[in-house]
Amino acid sequence: MSDRKTRVNFAALKSPNFRTYVSGSLMGLLSLWMHRVTSGWLAWDLTGSASFVGLIALVQFAPAIVLSPLFGVWADRLDIKRSAITVQSLNFLVSLSFWIVFALGWLSPVLLVGLTTVAGITAAASHPVRMSLTPRLVKRELIGSVVTIVAINFNVARLVGPALGGLLIGLFGVATTLFVQAALYVPFLIVLTRLTLRPRRDSGSAGEPFSKALTSGFRHVWRTPVIWRAMVTAGVLSVIARGTLEILPPLADGVFQRGAEGLGVLLSATGIGALIGGVFKGFLPAQEPGQIPKLSLGFVLVGLALVPVLGQVEVWELALVTVAAMAFVTTLTAISMQTAIQLVLEDDMRGRVMSLWAVVAAGGSALGAGVLGVTADVIGYADTLFWAGTTASIGLAGYFAYILGQR
């Protein structure tokens, strides 16, 4: 294996344009992860219910299931830089609204659901816009590198954000934490105004009727085996493993009685695992177009097998190691699947197809969090994770045997 192939996944950092984006987006991502620990803690603190924690995760990600494909069509038609600025401005306003409502003492479970739903809608727009924007910051041959570096950047924030959020809640309270989250969007907005983008191919699709453009995105996925296989694989892992990682408050406080700071530590452990997974992926050989690495398929099964393990752990340190390992696997495989998709896309189809990826990834997490949270209240946390992880592992192992047998 050549040195060039080993390091190619980091080559996009040679672009000043891309480096500018990475530095600015880190601020927005820190806000995102601080908000996740804050909203999860507020849901648990207001109700003490695992079901409500799962509901908050569900309404945060569920809009992506319905709306992301619609936003994907617009991402392929509109000025993507202007769209990114608009979406992040809305994220700033939503974060500011959370702070105002809490500071005025108006927050209730119903209002928390409402504000989180609005945040979910802006997130549904963010996914296809971001995934259409970042590949156009570099030359086409560096797209695989972009996916890896953006994922690493995301997981740096995933590592720092929850710990910072939990620490700020413990030291200064929720109001200050929410204000900081809103303020972090300002430098990201400034950076977005300074970017230059590679021209997009003009295939005339912008003139198609909206419904026809939407349908063509679904058709393209169906006709491209590497895309739909990557989405099926990522979808199962997202529902079960990532869904489990979205309902950690019951583990932090319900099982181990460690409160908001314990939740922050748990989420930081997932950040460490995810960051290591992203860096590990960066040092693997560059993916070939049209291929899903066999190593990634193996890691998918490992990630699903860890779900029942998490339900049985009784030692805090072992719980931290387990969630970190789960995050390592889910991040590594998500990068592999997203790279496999991005490498075979033209720029004028990227928004529509990657919006469907958002449905699978974010929507899968939402569905998993909602179902697992409710089931945990009914049959218990440990039994829920045991049956979910075991069933998914067996089913996906059979599917992998089938698709590998077709090669």
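Residues numbered from 1 in each chain as written. Predicted model: local features only at pLDDT ≥ 70, side-chain atom pairs only at ≥ 80, totals over all residues. Heavy atoms only, no water.

Structural notes on the overall build of the protein chain
- Regarding its fold elements, the protein chain presents 17 helices and 0 strands.
- Since a compact globule built from 407 residues should have a radius of gyration of about 22 Å, the 20 Å found for the protein chain is in line with a globular shape.
- Residues counted as buried form 57% of the 407 residues belonging to the protein chain.
- At a minimum sequence separation of 6, the contacts of the protein chain that also span at least 24 residues come to 88%.
- When the accessible surface of the protein chain is totalled, it reaches about 16200 Å², and 68% of it is carbon and sulfur. (Helix = DSSP H or I, 4+ residues; strand = E, 2+ residues; numbered from the N terminus. Rg over C-alpha atoms; globule rule 2.2 N^0.38 Å. Buried < 20%, exposed > 50% of the residue type's maximum accessible area, 1.4 Å probe, protein only. Contact = heavy atoms within 4.5 Å. Areas by Shrake-Rupley, 256 points an atom, 1.4 Å probe, with all protein chains shown as cover.)

Details of the packing of helix H3 (residues 50-61) against helix H16 (residues 347-379)
- Where H3 meets H16, the axes come as close as 8 Å, and the angle between the chain directions of the two elements is 165°. Taken as axis vectors, H3 and H16 run roughly antiparallel relative to one another. The chirality of how H3 crosses H16 is left-handed. Touching Ala50, Ser51, Gly54, Ala57, Leu58 and Phe61 of H3 are Ala362, Gly363, Ala366, Leu367, Ala369, Gly370, Gly373, Val374 and Asp377, all from H16.
- Taken together, the residues that form the contact of H3 with H16 break down as 9 nonpolar, 5 polar and 1 charged. (Axes fitted to C-alpha atoms, helices over the stretch in contact; angles between N-to-C directions. Parallel < 35°, antiparallel > 145°, perpendicular 65-115°, else oblique. Left-handed = near helix turned anticlockwise from the far one by under 90°. Nonpolar A, V, L, I, M, F, W, Y, C, P; charged D, E, K, R; others polar.)

Considerations on the layout of surface pockets
- Counted as a void, the second largest pocket has a volume near 180 Å³.
- Lining the second largest pocket are Phe71, Trp74, Ala75, Leu78, Ser83, Thr86, Val87, Leu90, Ile121, Thr122, Ala125 and Val129.
- Its residues assigned to classes, the lining of the second largest pocket shows 9 nonpolar, 3 polar and no charged. (1 Å grid on protein atoms, 1.4 Å probe; cavity = no way out; pocket = protein on both sides within 12 Å on 5 of 7 lines; lining within 4 Å. Points joined across faces, edges and corners; volume = space filled by probe spheres on them.)

Considerations on the nonpolar core
- Residues Met231, Leu248, Leu310, Ile341 and Trp357 are the most contacted members of the largest nonpolar core, which totals 76 residues.
- Setting aside its immediate chain neighbours within four residues, Trp357 contacts Met131, Ala230, Met231, Ala234, Ala334, Met337, Gln338 and Ile341.
- Among the nonpolar cores identified, the runner-up in size contains 27 residues, and Ala75, Ala125, Leu133 and Leu142 belong to it. (Core = buried A, V, L, I, M, F, W, Y, C linked by side-chain atoms within 4.5 Å.)

Considering the packing of aromatic side chains
- In total, this model carries 9 aromatic pairs according to the counting rule given.
- Pairwise contacts between aromatic rings join Phe280, Phe299 and Phe328 into one cluster.
- Seen from the ring of Trp33, Arg36 lies directly overhead, with NZ or CZ sitting 4.5 Å from the centre. (Phe/Tyr/Trp six-rings, centres within 6.5 Å; stacked < 30°, edge-to-face > 60°. Lys NZ or Arg CZ within 6 Å of the ring centre and 35° of its normal.)

Structural notes on the environment of Gln88
- Within the secondary structure layout, Gln88 lies in helix H5 (residues 80-103).
- As for Gln88 and Val186, which are separated by 98 residues in sequence, their C-alpha atoms are 9.1 Å apart.

Details of the side chain of Gln181
- Positionally, Gln181 belongs in helix H8 (residues 174-183).
- Side-chain polar atoms of Gln181 contact the backbone oxygen of Met34, separated by 3.3 Å.
- Those residues in contact with Gln181 that sit more than four places away from it in its chain are Ser31, Met34, His35, Thr38 and Ser95. (Polar contact = N/O pair within 3.5 Å; in protein donor to acceptor, adjacent residues only side chain to side chain.)

A word on empty space enclosed by the protein
- Per the counting criterion, the structure on display carries 2 cavities of 30 Å³ or more.
- Taken as a whole, the second largest cavity holds about 70 Å³ of empty space.
- Along its surface, the second largest cavity is lined by Ala234, Leu237, Ser238, Arg242, Thr330, Thr333, Ala334, Trp357 and Ala361.
- Looking at the lining of the second largest cavity, the elements that each hand over two or more residues are helix H11 (225-245), helix H15 (316-342) and H16.
- Residue composition of the lining of the second largest cavity, grouped by class: 5 nonpolar, 3 polar and 1 charged.

Digging into the pattern of salt bridges
- Following the criterion strictly, the structure yields 1 salt bridge and no others.
- A salt bridge links Arg352 to Asp76; the shortest N-O distance between them is 2.7 Å. Of this pair, Arg352 sits in helix H16 while Asp76 sits in helix H4 (residues 63-77), and the two are 276 residues apart along the sequence.
- On the accessibility criterion, Arg352 (4% relative accessible area) is buried.
- A relative accessible area of 4% places Asp76 in the buried class. (Salt bridge = Lys/Arg side-chain N within 4 Å of Asp/Glu carboxyl O.)

Quick look at helix H2 (residues 16-47)
- Helix length check: H2, at 32 residues, gives a terminal C-alpha distance of 47 Å against a target of 46 Å (1.5 Å per residue), a fit within 8%.
- Taking the largest bend as the criterion, H2 deviates by roughly 25°, centred on Leu26.
- In the stretch just after H2, Gly48 is the one whose phi turns positive, near 65°. (Expected span 1.5 Å × (residues − 1). Bend = angle between axes of the 7 residues up to and from the residue.)

With respect to the environment of Met354
- Mapping Met354 onto the fold places it in helix H16.
- Note on Met354: relative accessible area 0%, which makes it buried.
- Separated by 225 residues in sequence, Met354 and Val129 have C-alpha atoms that sit 9.1 Å apart.
- Those residues within four positions of Met354 in sequence are excluded, and the remaining contacts are Met131, Gln338, Ile341, Gln342 and Leu345.

A closer look at a nonpolar patch on the surface
- A contiguous nonpolar surface patch, about 500 Å² in accessible area, is contributed by Val374, Val378, Ile379, Phe386 and Trp387.
- For the nonpolar patch, the secondary-structure elements that each account for two or more residues are H16 and helix H17 (381-405).
- The element best represented in the nonpolar patch is H16, accounting for 3 residues.
- Along the chain, the position of Trp387 falls in helix H17. (Patch = residues over 30% accessible without salt bridge, like charges linked within 9 Å, V, L, I, M, F, W, Y side chains within 5 Å.)

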